[in-house]
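The residues making up each chain are set out below.
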Amino acid sequence: MTPRRLASLAWLATVIAAAIFLAWHAHRGLPLDTDLMALLPRESRESAVQKAGDAVSRTLTRRMLVVVGHTSRTEARAAALSMSDSLDATGLIEPEAASDAQEMRKLGQLYFPHRAGLLSEEDRVLLGAGRGEDLAKRALGQAFGVGGAGAGLVARGDPFLLLPSFLMQLPSPMPRVAWDDGLLSLSEGGKTWVLLVRSLAREPFALDVQEKLTAAYSKTAAALKAVHPGVELHRTGAVFFAEAGARTAMAEAATLGALSLGGTILLILAVFRRLGPLLRNVLAGLVGAGAGLAACLALFGEVHVLTLLFGTSLLGVVVDYGLHYSSTEFDPDAGTPSERLLSIMPGLQLSLVATLIGYVALTFAPLHGLRQIAVFSVFGLAAAFATVVLWFPTLDRGRRTRAAGWVLRAARQPFDFWQAGRWHLLRLGLLCAGAAVALVGLARIETGDDVRRMQALAPDLVREQEAIFALTGGKAGSEFLLVESADDETALRRQEAIRPILADLRAQGALAGALLPADFVPSAERQRENRLLVEGELNPRLAAHYAALGLGGARPVQVPSDPVPLTLDQATRSGALDALRNLVLAPGVHIGLLQGLARPDLVRGALSHVPGVQLVEPTSEISALFAKYRERTVALLGVSAALMLIPFAFRYGSVGAIWVMLPPVSAIVLTPAILSLAGVPFNFFHAMALVLVLAIGVDYSVFCAESKDADRSTTMVAILLAATMTLLSFGLLASSKAPAISSFGSGMLIGITLAFVLAPLASRRRTTFALRWRKAPKYGREEHGKRSLPWANVQ
Amino acid sequence: MTAIRTLLLSLAIFCAALSTPSSAETRPSGGQTALKDGQVLRGHFEQDRFLKGFDAPLKTGGSFTLVAGGGLIWRAETPFAVTTVMSPAGLVQEVDGKKTMSLSSTRIPFMTKLYSMLSGALVGHWSDLESTFKIARTGDAKKWEMRFTPIAGNDPAMPVEAIVVRGRRLVEDVVVMRSDGDRDHLRFSSQSLETAAPTSDELALLALAKQL
C-alpha cells in the first residue's frame, strides 16, 4: 500500500469517526447556544462590577412578564389563571415567592416591631418641620372615617398610624400595579389587566427552554382568545426575544445555506457540465463543515448559533480548493488527476497556510464566540484541503470536459484588464479613484459598536414589551447603581445620602425612579433619627390625641416598639421582601435598580462626587468592549498581513511577496473606506469580515501568482467560481435581519469583490523571477510522480 | 395595603347595603333598580367603631350623600369634621378641610372591583358581591336582614369576617365585623331619596375625587 493510499484511508477513518461523533451529539440533541452575550469576553473587570452585572443580568434575563386584559375583571382573572397554570405546567418556572396574603403577613411581622424607627419620607419631612399636628389629624381622619382604614393600629401601638404610611410609600418596580385578591392587577383603558411575573428556572438561552415555553404560551393564548372573546394578551422577557432571534437565525441559516448550496451546484454544473466535480466539491464542503462542527463540539462542548451561521457560509469557501483542482481539467495539457493535483499543490498549500494564519489570528481575540468560529474555520478548511488532496485524484475517474469558450473568455478578463495596454488609462483612473476613495473614506470614517443596534429584536415583541411597560409603569433597564461600602450600615447611609440627588435627577427627567435597599430598610442611624422625631414631635401629643379620639379615660393596650433597629440581614432573611434579595449582593455591596434612565451622563455627573457609588451600564460596557475588540481586530489584521509576508517572501522574494499581498491588503483598506462613504459606521463585525477578506483574498492572489501564462484562463475560472460562491454565501449575509450579521455580510460583499477584481495584480510578482520561472518545470508534468515540496524547485 | 383593602371593601359593602330599599319590589333578591340615575340618597349616620384594645368605641356622627353615577360623600361631623369622597377615579379624605389622603383607582386596582360592586348594587345587581360573599337573607319585605360572609373561609387577605345589614324600606343598621376582631356598628336615620340635583358643594367634593 502506497503512503498516499494509507493517508487516504487514515483520513477516511478520521472522517467516519467525526461523523459518528456528530451523530452521537445529534442523537443527544445538539447543544446550541443562542446568547449573544456568550460571545463576549470575560474581561478582568472590577470583580464587584462584574458580579453585580451578572446578578442583574441573571435576574433580568430570567424574568418574563405576561399581562392579560379584559373589560370584565372576572374574565381577565380567569384567563390569567389559565395562562399561569399553562406556564407552570412546563416545569420551567420557579415556584412563586409569595401570594398577596403571605406577603402582607410577612411584611407586617417584619416591620411592626420596628415601627418607631420607620417613617415615610413625607412623614419625616413633616415631623422635621414641626408639623406633628398634621399627622395626628390624618390619623384621626382614618380612625373616624368611613371604613376605618388601619384604625385598629391606633389601639395596637401605632396611634398616629405611621406604619401604614411607611408601607404605602415602599417603592415598587411596577408602580401602577398592586395586589388584587392574590393577583397583581391594574385598571387601564376600561380594562382590568392581570400581570403574571414569572422567573425561569433555567437559562432562557437554551433552545429547548425557548421552544417549550413559547409553545405553551402561544397555544394557551390562542385557546384563551377562543374561550374569552375580547381578551388581550401581551408578553415580554428575554426568553421570547431569544426564541424569536434563534428562529430567525435558524431560518436564515437554512435559507442562506440552501441558496449557497444551490448556487454552488448550479454554477458547477453550468461550468463543468457533469456531476463528478459537483459531487466531489459537495463532499469537500460537507466534510469541511462537519469537521468544523465536530471540532467545536469536541473543544467547547457546545456550538453557538452564530458559529453555525458562519459555518454554514464556510461551505462557500471550502470549495476553493476543490474548484481549483477541478478547473485544471480545462488545461488541454493537463495530465493524470495526480499530476493535475501536483501542478497546483504550491498554490493550495500556500493558500491554506496563509488562510490558516488569517483564521488563527482570530483566536488571539479573547472572544469566546470568535474562537469557536476560528476553530470551526481552521478545522473545516484543513479538512476540505485534506479531502481534496487525498481523495479527489482517486475519485476523479470520469471523462474530462472542455470549458465553454465564454467561460474562459470571461474568466480571463480581469487578467487582461490589469495587463493589456489599452486599459492603461482606465487602470490609472481606477487607481486614482481607489486612492481618493481610501483617503476620503478613511478620513471621515465613523465607528459604531452600540450593541443595542447589533441585535435584531422582533418588532412584534418590541411592541408587546412597550405595551407592558406603558401599562405597568415599570420600564426597568439593565442599568444600575453599585454601592460599595465596608458594611451594610455604611451602604444604607450612602443610599440615603443620594436619595435627594436622585429626586433632583428625577425632576430633571434624567430617570424615572430607583429601587434602593435603603427604601426598604433605613440605616440604623436613620431609624434612630426617626425614633427621636416621633418621641419629640408626636409623643407629647399622645394624651391630646387619645382625648380627640374620645378615649380620655380609656387605657389602650400599648405594644412597645422594638428599640433595636431593623437590620438588612433580618429583612432579607424574612422572605417578606423578594425585591430586596436581588439588591443585596454581599455585606456592604448593594445594587440600586434604575428605572427609565434617560440621561446617564447627568446621573453619572451628579453622583461623581459620592464615594462608593457608581453608575453601571452593562449595555454601554458591552458596546465599549465591542469597540475595543474592533480596534484589536484591526490591529490583528495588520499582524496577520505581516505574518503572511513571511511564507510569501520565501516563495516569491520580498518584492514579490508585496505584490501578492497588494490585492488583499487593498481590499481590506478600501472596504471600510467605501462603507464610510456610504454612511455606514464601521463596527466590530465589519472588522471581522475584513479578517476573512484578507484570508480569502490571499487565496486568490496566490492562485494568480502561481498561474502561468498558459494557465491563466483555467486559474481565473477557479477563482471566479470561488469568488462567486463566496459572494453567494457571505454576500447573502448582508441581507440578514440581524444587523451584526448583515454588517459582516456587507463587509464580505465589498471586500471579496475587490479582492477578486484586484487578484490578477499578484501575477506581476513574476516580473521579479520571470526568467527563472519560465525555466522552472511545470509541476506534475515534467516531474510527475515526484513528491518533493513543489516550491523547492523554484529556486 | 391590608388597611386600604379593609377600607375599600367595607365601603363597597356599605354602599351596597345603603342603596338597598326594602320594599318587596326592590329587595336585593329581586334584582330591580334600587337607585336610579339622577336620584340622590341623603341621610344621617351614627357610627360606633369598636377597636380591640380600647374599652370604649370611637363614636362618630354625620351625614352622607350617595349620588347615582356620581359617588359617595361621607361626612363625619362629630367629634370633628372628616370628609371622605369616593368616585370612579378614586378616594379623597379631608380632615378639617385639609386633604390627608388620596387614592387613585389606577394605583389601587381593587377599586375596580369596588366600583363593580357599587355600580352593581346601585342597580340591584349582586353578582360581584356574590362572587366574594355568601349572602343569607331572612325576614320579609317589612323587616329584613342580610348576612354577608366570605366564600373563602380562611383567606388571610379578606379583612372582613361578616357583615350584617338590617332594614325596613331602607337600610337602618349595618354591622361590619373584621377579621382582626374590630367591628363597626352603623345606624342610619332621616334618609330620603331625592331627584333634585346634588348641591354645588356636593358637586365640588365629587369633582375632587374625579381629579385623581
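1. Points about the overall build of chain A
Stage number 1. Within chain A, the secondary structure is distributed over 28 helices and 12 strands.
Stage number 2. For chain A, the residues scored as buried account for 49% of the 795 residues in total.
Stage number 3. Taking the contacts inside chain A whose residues are at least 6 apart along the sequence as the reference set, 82% of them involve residues at least 24 apart.

2. Let's talk about the overall build of chain B
Stage number 1. For chain B, the count of helices and strands is four helices and 11 strands.
Stage number 2. A buried classification covers 48% of the 212 residues belonging to chain B.
Stage number 3. Across chain B, contacts joining residues at least 24 apart in sequence account for 51% of those joining residues at least 6 apart.

3. Points about the sheet that holds strand β1 (residues 40-50) of chain B
Residues and elements named next belong to chain B.
Stage number 1. Judged by pairing direction, the sheet is antiparallel, and its 11 strands sit side by side in the order β6-β5-β4-β3-β2-β1-β11-β10-β9-β8-β7 without closing on themselves. Only two strands of the sheet have a single neighbouring strand rather than two, namely β6 (98-104) and β7 (133-139). Taking the axes of each pair of neighbouring strands and ignoring which way they run, one obtains an average angle of 15° across the sheet.
Stage number 2. Taken strand by strand, helix α4 (residues 200-210) contacts β2 (58-67), β3 (71-78), β4 (82-87) and β5 (90-95), and its axis lies near 65° from that of β4.

4. What to know about the packing of helix α9 (residues 238-272) of chain A against helix α26 (residues 712-733) of chain A
All names here are of chain A.
Stage number 1. Interhelical geometry of α9 versus α26 gives an angle of 160° and a closest axis separation of 9 Å. Taken together, the axis directions place α9 and α26 in an arrangement best described as roughly antiparallel. The handedness of the crossing between α9 and α26 is right-handed. Facing α9, whose interface residues are Leu256, Leu259, Ser260, Gly263, Thr264, Leu267 and Val271, α26 presents Val717, Leu721, Thr724, Met725, Leu728, Ser729, Leu732 and Leu733.

5. So, the nonpolar core
Stage number 1. Ranked by size, the top nonpolar core spans 161 residues in total, and within it Val68, Val194, Val693, Ile719, Ile752 and Ala755 of chain A carry the most contacts.
Stage number 2. Beyond its immediate stretch of four places on either side in the chain, Ile719 of chain A contacts Tyr700, Phe703, Cys704, Phe756 and Ala759 of chain A.
Stage number 3. Phe160, Leu163 and Leu502 of chain A together with Phe54 of chain B belong to the second largest nonpolar core, which has 65 residues in total.

6. Let's talk about the packing of helix α1 (residues 3-28) of chain A against helix α10 (residues 275-300) of chain A
Residue and element names in this part refer to chain A.
Stage number 1. Between α1 and α10, whose axes approach to 9 Å, the crossing angle comes to 60°. If you check the angle between α1 and α10, you find them oblique. In this structure, α1 meets α10 at a crossing whose hand is left-handed. Contacts between α1 and α10 pair Val15, Ala18, Ala19, Phe21, Leu22 and His25 from the former with Val287, Gly290, Ala291, Leu293, Ala294 and Leu297 from the latter.
Stage number 2. Tallied by class, residues from the contact of α1 with α10 come to 10 nonpolar, two polar and no charged.

7. Quick word on the sheet that holds strand β3 (residues 178-180) of chain A
Backbone hydrogen bonds hold the strands of a sheet together, and the pairing may be parallel or antiparallel.
Residue and element names in this part refer to chain A.
Stage number 1. Pairing within the open sheet is antiparallel, and its five strands lie in the order β3-β4-β5-β2-β6. In this open sheet, the two strands that pair with only one neighbour each are β3 and β6 (232-237). Within this sheet the neighbouring strands show an average axis-to-axis angle of 35°, counted without direction.
Stage number 2. Along the sheet, helix α3 (residues 73-88) contacts β2 (63-70), β4 (183-188) and β5 (191-199); its crossing angle with β5, the most-contacted strand, is approximately 15°.
Stage number 3. Along the sheet, helix α16 (residues 459-472) makes contact with β2, β4, β5 and β6, crossing β6 at roughly 100°.

8. Focus: the confidence of the model for chain A
All names here are of chain A.
Stage number 1. Within chain A, residue pLDDT values average 81, and 87% of them lie at 70 or more.
Stage number 2. Across chain A, element-level confidence peaks in helix α17 (residues 488-507) with a mean pLDDT of 93 and bottoms out in helix α28 (residues 766-775) with 40.
Stage number 3. In the predicted structure, residues 767-795 sits below a pLDDT of 50 and forms 36 contacts with residues beyond four places in sequence or in another chain.

9. Describing the environment of Pro229 of chain A
Stage number 1. With respect to the helices, strands and loops of the structure, Pro229 of chain A is situated in the loop between α8 (207-227) and β6.
Stage number 2. Sequence separation between Pro229 of chain A and His70 of chain A is 159 residues, and the spatial gap between their C-alpha atoms is 8.8 Å.

10. Some thoughts on the pairing of β4 of chain A
Residues and elements named next belong to chain A.
Stage number 1. The element β4 is largely enclosed, with a buried count of five among its six residues.
Stage number 2. When β3 meets β4, the two strands line up antiparallel, connected through three bridges. In the sheet register, Ala178 faces β4, and the bridge partner there is Ser185.
Stage number 3. From the end of β3 to the start of β4, which pair antiparallel, there are two residues, and Asp181 there has a positive phi angle of about 50°.
Stage number 4. Alignment of β4 against β5, held across five bridges, turns out to be antiparallel. Paired with Glu188 across the strands is Lys191, a residue of β5.

11. Let's talk about α1 of chain A
All names here are of chain A.
Stage number 1. Counted at 1.5 Å a residue, the expected span for α1 with its 26 residues is 38 Å, and the 37 Å between its end C-alpha atoms agrees.
Stage number 2. All buried positions along α1 are accounted for by Ser8, Val15 and Ala18.
Stage number 3. Contact partners of the buried residues in α1: α10 and α13 (368-395).
Stage number 4. Gly29 occupies a position one or two residues after α1 and carries a positive phi of about 100°.

Basis of the calculations
- Residues numbered from 1 in each chain as written.
- Chains lettered and ligands numbered in written order.
- Predicted model: local features only at pLDDT ≥ 70, side-chain atom pairs only at ≥ 80, totals over all residues.
- Helix = DSSP H or I, 4+ residues; strand = E, 2+ residues; numbered from the N terminus.
- Buried ≥ 20, exposed ≤ 12 C-beta atoms within 10 Å, placed from the backbone.
- Contact = placed C-beta atoms within 7 Å.
- Pairing = 2+ DSSP bridges.
- Axes fitted to C-alpha atoms, helices over the stretch in contact; angles between N-to-C directions.
- Parallel < 35°, antiparallel > 145°, perpendicular 65-115°, else oblique.
- Left-handed = near helix turned anticlockwise from the far one by under 90°.
- Core = buried A, V, L, I, M, F, W, Y, C linked by C-beta atoms within 7 Å.
- Nonpolar A, V, L, I, M, F, W, Y, C, P; charged D, E, K, R; others polar.
- pLDDT = per-residue confidence, 0-100.
- Expected span 1.5 Å × (residues − 1).

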